[in-house]
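Structural overview
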Amino acid sequence: MSKAITPLIVGNWKMNGLIEQLGEIDNLDYELSKVEKITCSVVICPPATLLMKAALSKRHSKIAFGGQDCHSEEKGAHTGDISAKMLFDAGAQFVIVGHSERRVDHNESNEIVTQKAKAALLSGLTPIICVGESEDERKQGRALEVVLEQLTSSTPDDIGNGIVIAYEPVWAIGTGLIPTLDDIDEMHNMIRAELIKQHGKKGAKIPILYGGSMKPSNAKEILILENVNGGLVGGASLKASDFFQIISACS
Ligand code: PGA
């Protein structure tokens, strides 16, 4: 694949993984160390409990790390929450914000997602801002309209050193279902056009990831699409062998 934007493959472990799961990062590191030149950037977003240990042990590797969410404030009385600055301090370079599971489970609005993305940028992290339509919205023919609205209202005006957008149709997450390649293509092209409209030249450089049941068997055909600049991978990122195959599909 030869594209102007270096592809980015992000593993989202969600609420999975005890200490022994770090062995999968060792396995991935070993696989990557055998490859002379990898053609994409690789990020793992483990649970917060594993982040620091993983990031410290792999600070000289080809793997970067990210958090799965952050609070919009830097510090304060927010029991149980983690700030972007804390994630940065723990070794993260990225943070996922506005994942549909957080939008649903924690009632996160577009406004909150924007605040979190701003906090991430201020703390030196790259926010991975998630958008995506529900099954009903897709069936009603409103997918493009819904995602456009989420995109414009979840993205800060000032994108600082850069953001990443992840298009994740909610109905494709963890289900084994994916949209048709034409539908992915159409959505990513719409997102690219909007990013350029909003952010000019900077918008042309924002990676747009596809997420939702990406796996070794479908990664290549998705990653080859013009405005797909990588993937946000849940289930298939938990095993190093599967995740490595998806990473390899970038070349
Ligand atoms: P999945 O999850 O790959 O397991 O569908 C993707 C995500 O939710 O980021």
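Here, the structure is the one placed above.
Residues numbered from 1 in each chain as written. Predicted model: local features only at pLDDT ≥ 70, side-chain atom pairs only at ≥ 80, totals over all residues. Heavy atoms only, no water.

So, the site of the ligand
Near the ligand there are 13 residues, and of these Lys14, His99, Glu168, Gly174 and Ser213 occur at the shortest range. Side-chain polar atom of Lys14 to an oxygen atom of the ligand: 2.7 Å apart, as the coordinates give it. Computed on the free molecule, the ligand has an accessible area of 280 Å², of which 94% lies beneath the protein chains in the complex. Assessed atom by atom at 2 Å from the grid points, the ligand resides in the second largest pocket. For the shell around the ligand, a count of residues per class yields 4 nonpolar, 7 polar and 2 charged. (Near = heavy atom within 4 Å. Polar contact = N/O pair within 3.5 Å; in protein donor to acceptor, adjacent residues only side chain to side chain. Areas by Shrake-Rupley, 256 points an atom, 1.4 Å probe, with all protein chains shown as cover. 1 Å grid on protein atoms, 1.4 Å probe; cavity = no way out; pocket = protein on both sides within 12 Å on 5 of 7 lines; lining within 4 Å. Sits in = over half its atoms within 2 Å of the grid points. Nonpolar A, V, L, I, M, F, W, Y, C, P; charged D, E, K, R; others polar.)

Let's talk about the state of the cysteines
In this structure the tally under the stated criterion is 0 disulfides. Unpaired in terms of disulfides, Cys70 finds its nearest cysteine sulfur in Cys45, a separation of 11 Å. (Disulfide = S-S within 2.5 Å.)

So, the packing of helix α5 (residues 110-122) against helix α7 (residues 143-154)
The interhelical angle for the contact between α5 and α7, taken along N-to-C directions, is 45 degrees, at an axis separation of 8 Å. If you check the angle between α5 and α7, you find them oblique. Contact residues: Asn110, Glu111, Val113 and Thr114 in α5; Glu149, Gln150, Ser153 and Ser154 in α7. Grouping the constituent residues of the contact of α5 with α7 by class yields 1 nonpolar, 5 polar and 2 charged. (Axes fitted to C-alpha atoms, helices over the stretch in contact; angles between N-to-C directions. Helix = DSSP H or I, 4+ residues; strand = E, 2+ residues; numbered from the N terminus. Parallel < 35°, antiparallel > 145°, perpendicular 65-115°, else oblique. Contact = heavy atoms within 4.5 Å.)

A few points about empty space enclosed by the protein
This structure, assessed with the given rule, holds 1 cavity of 30 Å³ or more. There is about 40 Å³ of room inside the largest cavity. Residue lining of the largest cavity: Gly98, His99, Ser100, Arg103, Cys130, Val131, Gly132, Gln150 and Glu168, and that is the complete set. At the level of secondary structure, the elements contributing two or more residues to the lining of the largest cavity comprise α4 (100-105) and β5 (126-131). Looking at the lining of the largest cavity residue by residue, the class counts come to 2 nonpolar, 5 polar and 2 charged. (Points joined across faces, edges and corners; volume = space filled by probe spheres on them.)

No statement about biological role is implied by the geometric values presented.
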